[in-house]
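Structural features, examined
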Amino acid sequence: MRFGGGGSHEKKTFVPELRIPMTEQTTRSQELLARRKAAIPNGVGMFNYATAAKASGATITDVDGRELIDFAGGIGVVNAGHCPPPVVKAIQEQAEKFLHVSFNVASYEPYIALCEKLNALLPHGQATKTLLVSTGAEAVENAIKIARQATGRQGVLCYTDAFHGRSMMAMTLTSKVGYKLGCGPFAPEVYRLQYPNVYRYANGRSVDEFAKAELARLEEAMQNSIDVNDLAAIIIEVVQGEGGFNVAPAAYLNGLREFCTKHGVMLIFDEVQAGFGRTGAWSAYEHFGITPDISTWAKSLGSGLPIGAVMGRAEIMDKAGPSTIGGTYIGSPVSCAAALATLKYMEEIDINAKGRHVGEVIRTRFEGWKKKHAQIGDVRGLGAMLAIEFVKNGDPLRPDADTCTALMNACAKRDLILITAGTHKNVIRVLCPLVIDDATLNKGLDIMEEELAKICV
Ligand SMILES: Cc1ncc(COP(=O)(O)O)c(C=O)c1O
């Protein structure tokens, strides 16, 4: 937590529930956090004590006027940076025309243009269609509904360490118990398979050997968990987000594609966190040369305005019956304008090249730290979707959440916003805006390196 700085108040209040130590002066940040504590339910997650008054590029200015380097990017939402000027302008222009009519009531161009753009950018076979929604969870809910209608089957297979959102089906598909404690009963006909996590489970086997064994596990599940003829869809994150940036092996994804094609199962890739430049490509799946039947998108598509998308082969998307998909706010015109401007801007600045560059800089630093610090068990990811995993005694099965939390908190004190990931909260992930300049990026990495050296042996 930051103390002093501009705008501090001469009050003796402090916030014991938030474990903010007592000081002579209470900052505006502390005051705001105390109000948050009083007005907002405790269940709303809080990674750290940062506040925000404004943001630009890769920097957030807090309510005390301090500049924070943002390595969280609003949890992967601002790949194109905070407040890209063309996006802000597009939002303003659309807001002056109309804010809402509901796409179910009156068709409007920004919705249609955005779907056309996405269909061209991310084709799913010969002809592609897109449904716009407002969030990642909503995209996932609709993807499952469409897969069920397209196949006439009900079963859905998902993975350990998966995160797909917090609405009821999405929460059911989400793996970590901590995200859903006390919220059941959950949606029926959902089955879970172990994610092919190479670091955790390969145990000395080659990646291909491991992938083969995990595919055998899938076949086995068709005997032990659900008949393949009842299986509508398999939903997977090619690179897991909240689960700790685990990358599925290419051989596994290829096997999954073959399995789904053979059995008429819809393969759904959830690209909500990995999409739009994060991995150095528009999608994570492009790296593997595989196309899903259906895919889900959100986060960086709107640069902060709520927008999500379900994409799929046209004949699959058209299997959804009248009025079974939709919603009052689907594809808000202002969000559509923001998304269209975001995609145009991303193309102009070549966001994917930026993703690859940022990824190279971070990976080089992370790999160097791994050589120095025994607590770092793994450095992994794709493009700029990079993470370090902390373990005890070099054992992938002994997560070290303490070191991870200590690093996050130490960096917060030095105005670097970091967030964790992983079912065991032992992974630091970087989701910084991809427009970050090298000096700011390296300044953030320097802070991490210095604090790591203090915390680790
Ligand atoms: C892979 C993935 N899917 C779905 C979601 C849910 O998105 P939202 O929070 O917009 O509902 C998330 C959010 O972190 C995610 O990472």
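This structure is a prediction, so every number in the text was calculated from the model and none was measured.

Attention now moves to the overall build of the chain. Check the secondary structure of the chain and you find 14 helices and 15 strands. Relative to its length of 457 residues, the chain is compact, with a C-alpha radius of gyration of 22 Å against a globular reference of 23 Å. Judged by the C-alpha coordinates and their principal axes, the chain covers about 65 × 60 × 45 Å. Counting the 457 residues in the chain, one finds 55% classified as buried. Accessible surface, the chain: about 19,100 Å² in total, of which carbon and sulfur atoms supply 53%. For the chain, the centre of its 48 positive side-chain charges and the centre of its 49 negative side-chain charges are spaced 4 Å apart.

Bringing the site of the ligand into the picture now. In the vicinity of the ligand, the contacting residues are Thr-135, Gly-136, Ala-137, Phe-163, His-164, Gly-165, Glu-237, Glu-242, Asp-270, Val-272, Gln-273 and Lys-299. Take Asp-270: an N or O atom from its side chain is 2.7 Å from a nitrogen atom of the ligand. Bound to the protein, the ligand loses 84% of the 390 Å² it would expose on its own. The class makeup of the residues in the shell around the ligand is three nonpolar, five polar and four charged.

Turning to the side chain of Ser-295, a few remarks are in order. Looking at the element boundaries, Ser-295 is found in strand 9 (residues 294-297). With a relative accessible area of 0%, Ser-295 lands in the buried category. Looking at Ser-295, its side chain comes within polar contact range of the side chain of His-124, at 2.7 Å. When near neighbours in sequence (up to four residues on either side) are disregarded, Ser-295 contacts His-124, Phe-269, Tyr-285, Ala-309, Val-310 and Met-311.

The subject of this paragraph is the pairing of strand 5 (residues 155-159). The element strand 5 is extensively covered by neighbouring structure, given that five of its five residues are classed as buried. Here strand 5 shows a buried face lined by Gly-155, Leu-157 and Tyr-159 and a second buried face lined by Val-156 and Cys-158. Direction of pairing for strand 5 relative to strand 6 (residues 190-193): parallel, over a ladder of four bridges. Across the sheet, the residue bridging to Cys-158 is Arg-192, located in strand 6. Taken together, strand 5, helix 6 (residues 168-173) and strand 6 form a β-α-β motif whose crossover is right-handed.

Turning next to the state of the cysteines. Joining two cysteines, a disulfide is a covalent bond between their sulfur atoms. Applying the stated criterion across every chain yields a total of zero disulfides. Cys-404 forms no disulfide, and the closest cysteine sulfur to it belongs to Cys-456, at a distance of 10 Å. Residue Cys-404 is classed as buried on the basis of its relative accessible area, which comes to 0%.

The next subject is the packing of aromatic side chains. Tallied over the entire structure, the rule returns 11 aromatic pairs. Ring centres 6.1 Å apart and planes at 80° place the aromatic pair Tyr-108 and Tyr-111 in the edge-to-face group. The same class applies to Tyr-108 and to Tyr-111, which are both buried. Relative to Trp-297, the ring of Tyr-285 has its centre 6.2 Å away and its plane inclined at 70°; by these criteria the two rings are edge-to-face.

We now examine the sheet that holds strand 2 (residues 59-61). Read from one edge of the open sheet, four strands run 1-2-3-13, paired in mixed fashion. Where the open sheet ends on each side, the last strands, each with one partner, are strand 1 (54-56) and strand 13 (416-417). Where strand 1 lies against strand 2, three bridges are found, and the strand directions are antiparallel. By the bridge assignment for strand 2, Ser-56 is matched with Thr-59.

It is worth spelling out the nonpolar core at this point. With 121 residues, the main nonpolar core has Phe-71, Leu-118, Ile-234, Phe-366 and Met-448 as its most contacted residues. Per element, the largest residue contribution to this core is seven residues, and it comes from helix 5 (residues 136-151). For Phe-71, the contacting residues outside a window of four places in its chain are Leu-416, Ile-417, Leu-418, Arg-429, Val-430, Leu-431, Cys-432, Ile-436, Leu-441, Gly-444, Leu-445 and Met-448.

This next bit is on the layout of surface pockets. Gaps left between atoms are located by rolling a probe of water-molecule size over the structure's atoms. Here the second largest pocket is characterised by a volume of approximately 190 Å³. In terms of lining, the second largest pocket is formed by Lys-129, Thr-130, Leu-131, Met-317, Asp-318, Ala-320 and Ile-325. Per-element tally for the lining of the second largest pocket: the top contributor is strand 4 (residues 128-133), with three residues. Classifying every residue of the lining of the second largest pocket gives four nonpolar, one polar and two charged.

Rules behind the numbers
Residues numbered from 1 in each chain as written. Predicted model: local features only at pLDDT ≥ 70, side-chain atom pairs only at ≥ 80, totals over all residues. Heavy atoms only, no water. Helix = DSSP H or I, 4+ residues; strand = E, 2+ residues; numbered from the N terminus. Rg over C-alpha atoms; globule rule 2.2 N^0.38 Å. Buried < 20%, exposed > 50% of the residue type's maximum accessible area, 1.4 Å probe, protein only. Areas by Shrake-Rupley, 256 points an atom, 1.4 Å probe, with all protein chains shown as cover. Lys, Arg positive; Asp, Glu negative; His and termini not counted. Charge placed at Lys NZ, Arg CZ, Asp CG, Glu CD. Near = heavy atom within 4 Å. Polar contact = N/O pair within 3.5 Å; in protein donor to acceptor, adjacent residues only side chain to side chain. Nonpolar A, V, L, I, M, F, W, Y, C, P; charged D, E, K, R; others polar. Contact = heavy atoms within 4.5 Å. Pairing = 2+ DSSP bridges. Right-handed = clockwise from strand over helix to strand, strands pointing away. Disulfide = S-S within 2.5 Å. Phe/Tyr/Trp six-rings, centres within 6.5 Å; stacked < 30°, edge-to-face > 60°. Core = buried A, V, L, I, M, F, W, Y, C linked by side-chain atoms within 4.5 Å. 1 Å grid on protein atoms, 1.4 Å probe; cavity = no way out; pocket = protein on both sides within 12 Å on 5 of 7 lines; lining within 4 Å. Points joined across faces, edges and corners; volume = space filled by probe spheres on them.

Any functional reading would require information that these geometric values do not contain.
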